[in-house]
Amino acid sequence: MAGNKIIVWFRRDLRIEDNPALSAAARDGRVLPVFIWCPKEEGQFYPGRVSRWWLKHSLLYLSQSLKSLGSQLLLIKADSTLAALLACIDSVGATRVVFNHLYDPVSLVRDHHIKEQLVELGISVQSYNADLLYEPWEVYDEKGLAFTMFDAYWNTCMHMQMEPVTHAPVWRLEPLPTSGMIENCSIEDLGLEDETERSSNALLGRGWSPGWGHADKALTEFIEHHLVSYAENRLKVGGNSTSLLSPYLHFGEVSVRKVFQSTRLKQILWAKEGNSSGEECATLFLRAIGLREYSRYLCFNFPFTHEKPLLSNLKYFPWRPDQTSFKAWRQGRTGYPLVDAGMRELWATGWIHNRIRVIVASFAVKFLLLPWKWGMKYFWDTLLDADLESDILGWQYISGSLPDGHELERMDCPEVQGCKFDPEGEYVRQWLPELARMPTEWIHHPWDAPTSVLKASGVELGLNYPKPIIDVDAARARLTEAIFKMWELEATARACSSNYTDEVVGDNSEGDENSSIPKVVLKDRATSFTISSNDQRVPSIQNLKGSLVCKKRPNEIAVNELRPVHDNLQDQPGSSRRDEEECSTAESSAAKRQTISRESFSVPQSSSSLNGLTSNEQEI
Ligand SMILES: Cc1cc2nc3c(=O)[nH]c(=O)nc-3n(C[C@H](O)[C@H](O)[C@H](O)COP(=O)(O)OP(=O)(O)OC[C@H]3O[C@@H](n4cnc5c(N)ncnc54)[C@H](O)[C@@H]3O)c2cc1C
């Protein structure tokens, strides 16, 4: 065994502890740890400035840790990950490659392809679960289908057996010297941070410490001191009221199994002590971890969700892809203080509280009718914890795209939310200094304030702080109109397509509200697999069953009352997209991207650089 030469391919598993690929390699032979940075392959999901800053520092941390274990992290900048891996294999004469699974659509396609190629060349490849409590193909309902509602999914998870943290800790690594054929980049040569970004990035280091050791400390600090008040604190929008673990979890600097087990242990202790509020805090925190699991579950089983909603109802929604309002939203100049404060915090720090994410995202979609994909991409570009799966889940949740998310017609008013979640106006004052002197009574709706109050506060609406970009009533009317338009287009499409008419019969069945979601079969007689199978599964077209039909809509639409919406660049009625939507394989998802982008509006590129700026307590 000691003679084995093994490549450990690091990606978003930048830790030593509970790292199954690293443990397996360390146990079985001599190890070459490698990180390959291949910007070309990231495509439209090339990480933003703050996310790359985090990655750079986390890699530095990991590199130092591996050095102290006796090895060295090889950093490679490449045009092709496969070519880089093959060069590493050649350079050390490796016979095996190991890595941990990723579930986003881009990685699924790439990893599957790389695995196939390596195996064809006679290289042994093993992949492991290091990112999830349960693999996305392990959890299914009693019919063997993939869940499309979070609560049912999470209830099932909570009753399943979970693998404990069993991977042997790595104390020492047998180094594997490379021949001169491959170039070991310095961390700077990887190009994760541009020269122009350095000064803005320097501020990030004051608030955050990337690296798995810091992740471990953050987890311990949270579990020991803050978990007990999570239920109450998670509702506060200012300050550090939640765990702040998201960037660590995204880059795999802390094992989610460890997070789960530490929380569960506290929960059991508190239950024994009769501390029911502590128990409740642990339940809510585990639920948050469950949402992260669910985001991967949805992306894996429905790999089109980075491009299209899970529910097909939004297919005909007349979005307003208006660059001016998109810019006002990005710059925090909508005239709604809570929204603007959130967007300025996001730009300045790369992080905002979940509640603020929901508020600003809902505003973009419901008030401005901006395509949810634009918002998703902007978050992707600007968040420190930018995580494709969680970002998709968040945006689909707020835009009426999930059967258990906010309804499309639900419209929360930022003024009311401001009074509820920022009652003293402290959050707004922190991020909008131009409103700092506004009395609390008016701070969330300065447009209603008497002129004398505005004057005394030094606020001139339209001059040093914008007037509301759209009036609440007008926004509500516009959203209602858009929904009617969507139904009208849907009805026209139904009438135009004979295929579609057939499907509508299915839609008439009572209680079949979610039938617009393709059914994904995870477990049937033909596909039985064991829990904790080491191999990465790939979503397959055979897994999709059932028809794609839309939710039931009112039969009569007052078409005459509807104003034509000219901005509708979405799918035109009658164009059947059924084939595309049924394509759920990772492979077809990538190929499909080309086709789809021709028909629908694309996400504005480099949206971050355009930014002119240097119901329910159980909701997500
Ligand atoms: C529109 C929108 C976009 C979002 N984009 C991202 C993103 O790009 N990256 C990201 O990590 N989270 C995203 N979230 C989820 C959530 O806002 C953050 O995970 C959370 O605010 C991170 O703070 P925390 O670590 O202190 O969370 P805590 O409340 O302490 O939760 C602990 C962990 O649970 C997970 N979690 C909590 N809430 C969610 C959730 N709603 N969805 C998925 N996972 C969750 C995170 O990993 C988080 O670190 C988004 C939410 C919305 C509404």
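Description of the structure in this document. (Residues numbered from 1 in each chain as written. Predicted model: local features only at pLDDT ≥ 70, side-chain atom pairs only at ≥ 80, totals over all residues. Heavy atoms only, no water.)

Counting buried residues along strand 4 (residues 96–100), 5 of its 5 residues qualify, which places the element largely inside the surrounding structure. Side chains Arg96, Val98 and Asn100 of strand 4 all project onto a buried face; the interleaved residues Val97 and Phe99 project onto the opposite face, where all are buried too. Where strand 1 (residues 4–10) and strand 4 come together, 4 bridges link them in parallel fashion. Each residue of the ladder has a partner; that of Trp9, found in strand 4, is Phe99. Direction of pairing for strand 4 relative to strand 5 (residues 124–128): parallel, over a ladder of 5 bridges. For Val98, the partnering residue across the bridge sits in strand 5 and is Gln126. Running through helix 5 (residues 105–120), the crossover from strand 4 to the neighbouring parallel element strand 5 is right-handed. (Buried < 20%, exposed > 50% of the residue type's maximum accessible area, 1.4 Å probe, protein only. Helix = DSSP H or I, 4+ residues; strand = E, 2+ residues; numbered from the N terminus. Pairing = 2+ DSSP bridges. Right-handed = clockwise from strand over helix to strand, strands pointing away.)

On to the site of the ligand, then. In the vicinity of the ligand, 28 residues are found, and the nearest of them are Tyr230, Thr242, Ser243, Leu244 and Asn354. One of the backbone N or O atoms of Ala288 is found 3.3 Å from an oxygen atom in the ligand. Here Arg357 contributes a side-chain N or O atom positioned 3.3 Å from an oxygen atom of the ligand. Alone, the ligand offers 810 Å² of accessible surface; in the complex the protein occludes 97% of this. Secondary-structure elements contributing two or more residues to the shell around the ligand are helix 10 (246–250), helix 12 (276–301), helix 15 (354–367) and helix 17 (388–398). Here the shell around the ligand is composed, by residue class, of 17 nonpolar, 6 polar and 5 charged. (Near = heavy atom within 4 Å. Polar contact = N/O pair within 3.5 Å; in protein donor to acceptor, adjacent residues only side chain to side chain. Areas by Shrake-Rupley, 256 points an atom, 1.4 Å probe, with all protein chains shown as cover. Nonpolar A, V, L, I, M, F, W, Y, C, P; charged D, E, K, R; others polar.)

This paragraph deals with the packing of helix 6 (residues 150–158) against helix 12. Running from amino to carboxyl end, helix 6 crosses helix 12 at an angle of 110°, the nearest separation of the two axes being 10 Å. On the basis of their axis angle, the class for helix 6 and helix 12 is roughly perpendicular. Residues Phe150, Asp151, Tyr153, Trp154 and Met158 of helix 6 form the contact with helix 12, whose participating residues are Leu286, Arg287, Gly290, Leu291, Glu293, Tyr294 and Tyr297. Across the contact of helix 6 with helix 12, the residue classes break down as 8 nonpolar, 1 polar and 3 charged. (Axes fitted to C-alpha atoms, helices over the stretch in contact; angles between N-to-C directions. Parallel < 35°, antiparallel > 145°, perpendicular 65-115°, else oblique. Contact = heavy atoms within 4.5 Å.)

Over its 12 residues, helix 4 (residues 81–92) extends 17 Å from the first C-alpha to the last, a length consistent with the 16 Å expected when each residue adds 1.5 Å. All of the buried residues along helix 4 are Thr81, Leu82, Ala84, Leu85, Cys88, Ile89, Ser91 and Val92. Residue Ser80 occupies the N-cap position of helix 4, its side-chain oxygen lying 3.4 Å from the main-chain nitrogen of Leu82. Gly93, located one to two residues past helix 4, shows a positive phi value of around 70°. (Expected span 1.5 Å × (residues − 1).)

Note on placement: Leu245 falls in the loop between helix 9 (230–233) and helix 10. In sequence terms Leu245 and Val259 are 14 residues apart; their C-alpha atoms lie 9.6 Å from each other.

Attention now goes to the nonpolar core. Membership of the largest hydrophobic core comes to 150 residues, with the highest contact counts inside it found for Phe317, Trp329 and Trp395. In terms of residues, this core owes the most to one element, helix 12, which gives 11 residues. One finds Ile7, Val34, Phe99 and Ile123 within the second-largest nonpolar core, a separate group that totals 23 residues. (Core = buried A, V, L, I, M, F, W, Y, C linked by side-chain atoms within 4.5 Å.)

Extensive coverage of helix 16 (residues 372–382) is indicated by the burial of 11 of its 11 residues. Among the residues of helix 16, Trp372, Lys373, Trp374, Gly375, Met376, Lys377, Tyr378, Phe379, Trp380, Asp381 and Thr382 are the ones counted as buried.

Here the focus is the packing of aromatic side chains. Inspection of every chain in the model, using the stated rule, returns 33 aromatic pairs. With centroids separated by 6.3 Å and ring planes inclined at 50°, the aromatic side chains of Trp208 and Trp351 adopt a geometry described as tilted. Separated by 143 residues along the polypeptide, Trp208 in the loop between helix 7 (198–207) and helix 8 (212–226) and Trp351 in the loop between helix 14 (337–349) and helix 15 bring together distant segments of the chain. For the pair Trp208 and Trp351, a shared accessibility class is recorded, and that class is buried. (Phe/Tyr/Trp six-rings, centres within 6.5 Å; stacked < 30°, edge-to-face > 60°.)

What follows is about the pattern of salt bridges. Applying the stated criterion across every chain yields a total of 27 salt bridges. Its salt-bridge partner being Lys40, residue Asp79 comes within 4.0 Å of it at the nearest N-O pair. Of this pair, Asp79 sits in the loop between strand 3 (74–77) and helix 4 while Lys40 sits in helix 2 (residues 39–42), placing them 39 residues apart in sequence. Across the pair, Lys40 and Asp79 agree in class, each one exposed. Between Asp381 and Lys377 there is a salt bridge whose closest N-O contact spans 3.0 Å. Here Asp381 and its partner Lys377 are both found in helix 16, 4 residues apart, which amounts to about one turn of the helix. Salt bridges sharing partners connect three or more residues here, namely Lys56, Glu188, Glu193, Glu195 and Arg198. (Salt bridge = Lys/Arg side-chain N within 4 Å of Asp/Glu carboxyl O.)

The next thing to look at is the sheet that holds strand 3. Strand order in the open sheet formed by 5 strands is 3-2-1-4-5, and the pairing between neighbours is parallel. Both outer strands of the open sheet, strand 3 and strand 5, are each paired with one neighbouring strand and no more. With direction set aside, neighbouring strand axes in the sheet form an average angle of 25°. Against the sheet, helix 3 (residues 49–68) engages strand 1 and strand 2 (29–37), with an angle of about 165° to strand 2. Along the sheet face, helix 4 touches strand 1, strand 2, strand 3 and strand 4 and points at about 155° away from the line of strand 1.

Attention now moves to unusual backbone geometry. A positive phi is found at Leu244, a non-glycine position, where the angle reads about 60°. Following the sequence through the fold, Leu244 ends up in the loop between helix 9 and helix 10. Relative accessible area serves as the criterion here: at 18%, Leu244 is assigned to the buried category. You will see that Leu369, though not glycine, has its phi angle at about 55°, which is positive. Inspection of the secondary structure puts Leu369 in the loop between helix 15 and helix 16. A residue is classified by how much of its surface remains accessible, and Leu369, at 2% relative accessible area, is buried.

These results come straight from atomic positions and should not be treated as a statement about function.
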